[in-house]
Amino acid sequence: MTAATVAPYPPITGSEPCRQADTDPDLWFSNDPMDQAEAAELCRTCPVKTQCLAYALDHPKDTEFGTWAATTPEQRRSLRRKFARKDTTS
Ligand code: SF4
């Protein structure tokens, strides 16, 4: 049996779309579908998107709200359920 690893916080450099001074950071914490879509579109260009998604999926309590790596909270819950089922069937 091997110990499970947990994804670390993404290596933020300041170049991420959610960290730009000319971008409204509230887009990433809005429940408005238009804001979520805009945040998701910006996330798609992010250099740490993969690491951000791994962190978000491994830290559900810290990422319960908002847009992380172009995913909504419901999308992340769905992905966690999907991966949990895959773990039990492999
Ligand atoms: S992928 Fe993560 S770090 Fe990158 S812009 Fe989106 S929320 Fe920010």
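Look a little higher up for the structure.
One structure accompanies this document, and this report is about it. (Residues numbered from 1 in each chain as written. Predicted model: local features only at pLDDT ≥ 70, side-chain atom pairs only at ≥ 80, totals over all residues. Heavy atoms only, no water.)

## Re the layout of surface pockets
Rolling a probe over the atoms, with the probe sized like a water molecule, indicates the empty space that remains. Quick note on the threshold: In this analysis a 1.4 Å probe is tested at points of a 1 Å grid over the protein atoms alone, and where it fits but cannot get out there is a cavity; an open set with protein on both sides within 12 Å along at least five of seven lines is a pocket; lining residues have an atom within 4 Å of a point. Grid points are joined across faces, edges and corners, and a volume is the space filled by probe spheres set on the points. Note on residue classes: Ala, Val, Leu, Ile, Met, Phe, Trp, Tyr, Cys and Pro are nonpolar, Asp, Glu, Lys and Arg are charged, and everything else, Gly too, is polar.
A volume near 280 Å³ is recorded for the largest pocket. Lining the largest pocket are 18 residues, and of these Cys18, Trp28, Cys52, Thr67 and Trp68 lie nearest its centre. Of the residues belonging to the lining of the largest pocket, the class tally is 14 nonpolar, 1 polar and 3 charged.

## Thoughts on the nonpolar core
Rules: Here, nonpolar core refers to any group of buried Ala, Val, Leu, Ile, Met, Phe, Trp, Tyr and Cys residues whose side-chain atoms link them within 4.5 Å. Accessibility here uses a 1.4 Å probe with only protein chains present; expressed as a share of the type maximum, an area under 20% marks a residue as buried, one over 50% as exposed, and anything in between as partly exposed. In this analysis, two residues are considered to be in contact whenever any of their non-hydrogen atoms come within 4.5 Å of each other.
Counting residues in hydrophobic clusters, the biggest one holds 6 residues: Leu27, Trp28, Ala39, Ala40, Cys43 and Ala70. Ignoring sequence-local partners within four residues, the contact set of Trp28 consists of Pro17, Cys18, Thr23, Ala39, Leu42, Cys43, Gly66 and Thr67. Ranked by size, the runner-up nonpolar core spans 5 residues in total, among them Cys52, Ala56, Trp68 and Ala69.

## What to know about the pattern of salt bridges
Threshold: One side-chain nitrogen of Lys or Arg within 4 Å of one carboxyl oxygen of Asp or Glu is enough to make a salt bridge.
Taken as a whole and judged by the stated rule, the model has 3 salt bridges. Notably, a salt bridge pairs Glu74 with Arg81, separated by 3.2 Å at the nearest N-O pair. With relative accessibility at 40%, the residue Glu74 sits in the partly exposed group. We classify Arg81 as partly exposed; its relative accessible area is 44%. Sharing partners across several salt bridges, the network here consists of Glu74, Arg77 and Arg81.

## What to know about the environment of Pro25
Selection criterion: Runs of E in the DSSP output that reach at least two residues are strands. Runs of H or I that reach at least four are helices, and both are numbered from the N terminus.
Locating Pro25 in the fold gives a position in the segment before α1 (33–43). For Pro25, a relative accessible area of 47% gives the class partly exposed. In this structure the C-alpha to C-alpha distance between Pro25 and Ala39, which are 14 residues apart in sequence, comes to 8.9 Å.

## Thoughts on the side chain of Ser30
Relative to the helices and strands, Ser30 is located in the segment before α1. In this structure Ser30 touches Asp35 and Gln36, once residues within four positions along its chain are discounted.

## Some details on unusual backbone geometry
In this structure, Ala69 is a non-glycine residue whose phi angle is positive, near 50°. Turning to its location among the elements, Ala69 is positioned in the loop between α2 (49–58) and α3 (73–89). A relative accessible area of 5% places Ala69 in the buried class. Even without being glycine, Ala70 reaches a positive phi, approximately 65°. For Ala70, a relative accessible area of 13% translates into the label buried.

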